Amino acid sequence: MPTEYSNYVDGKWTESRTGNVFETSNPAHPGETVGVYQQSSEADAEAAVEAAAAAAPEWANTPGPARGKILTETASILSDRADELTETLVREEGKTKPEASGEVQRAIDIFAYYGAKAADVGGTVKAPSGRDSRLYTVNEPVGVAALITPWNYPIAIPAWKLAPALAAGNAVVTKPASLAPAVAIGIVEALESAGLPDGVVNLVTGPGSSVGSTFVTHEAVDAVSFTGSTKVGNTVYGQAAPDQKRVQLELGGKNPAIVMPSADVDEAVEIAATGAFGVTGQACTATSRAIVHEDVYDEFVEGVVSYGEGLSIGDGLEGADMGPHVSESELEGTLDYVDAGRREGATLETGGERADAGEGYFVEPTIFSDVSSEMRIAQEEIFGPVLAVIPVSDFDEAVAVANDVEYGLSASIVTNDHREANRFVDEIEAGVVKINEKTTGLELHVPFGGMKASSSETYREQGDAGLDFFTISKTVYDNY
Ligand code: NAD
């Protein structure tokens, strides 16, 4: 039986004024409905913003440690529900069970982290130039924050926006992506049970073009934190600009892993393949280009093909190594890129077809070799398990190819040459730089964000940087 979900507005679970609903289905078994959600309208979104605006002053005046206590309690409630949330995440989004369980744990850890951090939201004291005076800053919440999130990390991304926003004393309106809203609703249920006052968090499901857009343009919204595609992010930026709202955009990627001759090739294969095929390649930080020195090229291609062909594909609840695409249209998008790669003359080494794993949206791990940098499969975000292997003849060429895309999110190099590794740090255009590590994965206490078309480059997320976006500072001169 599918679960029916409501919006959460002003502390009440409510149905949309439209009276309409939409459903999600299990990408491993598309006939199975997972959840039924409110197909909300602009009016529902407006009511959510009004509730947040009304609740914001009282929450801002609640002492940081008291706010933190609610977040810590939320972490504990989510922890009690971890198994159930993991299963729902697998059934709605398609990750494997270990991937989903790791993501749920990340959400729990994020609430625990910002629960503790809420006591640190203060300011700084500076030395005044005059006697008998004080000079300091105080950090205040920005006000009402709109949080708009994608489907591919449906609990971690809402968590890493909600927890710092609330820790810093903001009221929030949020809209999860329509392909997988259930686990974000699970967070809001936990916040309610933990005692968050009415109106401080409001969640509305429905289309981005109406609900999301109303959040972005509403005059009572002070800040917009958006994660999603570069195309939609650019629209959001334009819509928020006339009111000079504070905006943070984290967008697409085309992440490279460079493999140099000094690398241990088995290690390089593991790093590139886990980055490419983990979470079915549906990660903004997925490795989609392996840029490989000609001296180790043949050995690398052989190794990575054998890795891809060794993966089992199927329902994430049944122990598969790689789950399905989230939807039929994402699957078709990947297969279209396979056609494009073939037409442009790349060599299809393995994969490229729907996987023989049932009626779900399964695709084979796919590897193209002989790719050149101007091909579409080397330039555009595919968001599927497709790795383009590009041969190069030296370090300078490798970095030039790595930087030859519009994106700049995460980048990795596999090398045992210390100088090369350090030049990579200096020369690569990416917000996350990894040496002998896969492009995916980042700990919760370090800043996360991209360069170029991958990010608005205004504020980073996570760690201390996560709080910066949600606070505004006042400078105080006190001449006593
Ligand atoms: P998307 O851009 O289609 O949607 C993201 C969210 O925006 C959804 O909730 C959607 O409903 C909403 N939306 C759509 N139109 C809107 C509008 N006009 N106004 C306001 N909101 C609107 O992205 P997606 O398909 O859900 O997610 C995949 C994309 O997200 C990929 O490009 C991926 O790289 C990116 N992503 C980036 C990061 C990062 O941190 N850089 C992390 C995860 C995913």
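These numbers come from a predicted model, not from an experiment.

Asks: How should the domain arrangement of the chain be read in this particular structure?
Replies: The parts lose accessible area when they come together, and the size of an interface is often stated as this lost area. Splitting the chain by domain gives domain 1 (3-251 + 456-479) and domain 2 (255-435). Computed from C-alpha atoms alone, the centre-to-centre distance between domain 1 and domain 2 is 32 Å. In this complex, domain 1 contributes 21 residues to the contact, which on the side of domain 2 involves 25 residues. Each partner contributes to the roughly 1,900 Å² buried at the junction of domain 1 and domain 2, and carbon and sulfur atoms together form 62% of this total. Three residues, Pro27, Ala28 and Trp151, lead the burial of domain 1 against domain 2; their summed loss comes to 24% of the area buried on that side. Counting every contact that joins domain 1 to domain 2 gives zero salt bridges. Between domain 1 and domain 2 we count five residue pairs in polar contact (both at pLDDT 80 or more) in total. Put simply, the parts of the chain that give the side of domain 1 that touches domain 2 at least two residues each are β5 (29-38), α3 (82-93) and α4 (97-117).

Asks: In this structure, what is going on with a nonpolar patch on the surface? I would like to understand it.
Replies: Among the surface-exposed residues, Val425, Val433 and Ile435 lie close enough to one another that they form a single nonpolar patch of about 190 Å² accessible area. Along the polypeptide, Val433 turns up in strand β20 (residues 432-435).

Asks: Is there a simple way to explain the packing of helix α13 (residues 395-403) against helix α14 (residues 418-427) in this structure?
Replies: Packed helices, taken two at a time, are described by their axes: the angle between them and the distance between them. Running from N to C, α13 and α14 cross one another at 30°; their axes reach a closest spacing of 11 Å. As judged from the angle between their axes, α13 and α14 are roughly parallel. Where α13 crosses over α14, the handedness of that crossing is right-handed. Packed against α13, whose contacting residues are Phe395, Asp396, Val399 and Asn403, the element α14 presents Glu420, Arg423, Phe424 and Glu427 at the interface. Each residue belonging to the contact of α13 with α14 can be placed in one class, and the counts come to three nonpolar, one polar and four charged.

Asks: Would you mind going over the sheet that holds strand β4 (residues 21-26) with me for this structure?
Replies: Paired through their backbone hydrogen bonds, the strands of a sheet run either parallel or antiparallel. Taken together, the three strands give an open sheet; going across it, the order is β1-β5-β4, and neighbouring strands pair in mixed fashion. Where the open sheet ends on each side, the last strands, each with one partner, are β1 (3-4) and β4. Sheet analysis places β1 next to β5, joined by two bridges and oriented parallel. The residue bridging Glu4 from the neighbouring strand is Val36, located in β5. The strands touched by α3 are β4 and β5; relative to β5, the strand with the most contacts, the crossing angle is about 110°.

Asks: Help me out: how do you make sense of the pattern of salt bridges in this one?
Replies: Side-chain pairs of opposite charge can arise where the charged atoms are in close proximity. All chains considered together, the criterion is met by 16 salt bridges. The salt bridge partner of Arg423 is Glu427, with a shortest N-O separation of 2.8 Å. Placement of both Arg423 and Glu427 in helix α14 is noted, with a separation of four residues, approximately one turn of the helix. Through salt bridges with shared partners, a single ionic network connects Arg81, Glu84 and Glu189.

Quick notes on the rules
- Residues numbered from 1 in each chain as written.
- Predicted model: local features only at pLDDT ≥ 70, side-chain atom pairs only at ≥ 80, totals over all residues.
- Heavy atoms only, no water.
- Domains from an automatic or database assignment.
- Contact = heavy atoms within 4.5 Å.
- Buried area = accessible area lost by both parts, 1.4 Å probe.
- Salt bridge = Lys/Arg side-chain N within 4 Å of Asp/Glu carboxyl O.
- Polar contact = N/O pair within 3.5 Å; in protein donor to acceptor, adjacent residues only side chain to side chain.
- Helix = DSSP H or I, 4+ residues; strand = E, 2+ residues; numbered from the N terminus.
- Patch = residues over 30% accessible without salt bridge, like charges linked within 9 Å, V, L, I, M, F, W, Y side chains within 5 Å.
- Areas by Shrake-Rupley, 256 points an atom, 1.4 Å probe, with all protein chains shown as cover.
- Axes fitted to C-alpha atoms, helices over the stretch in contact; angles between N-to-C directions.
- Parallel < 35°, antiparallel > 145°, perpendicular 65-115°, else oblique.
- Left-handed = near helix turned anticlockwise from the far one by under 90°.
- Nonpolar A, V, L, I, M, F, W, Y, C, P; charged D, E, K, R; others polar.
- Pairing = 2+ DSSP bridges.

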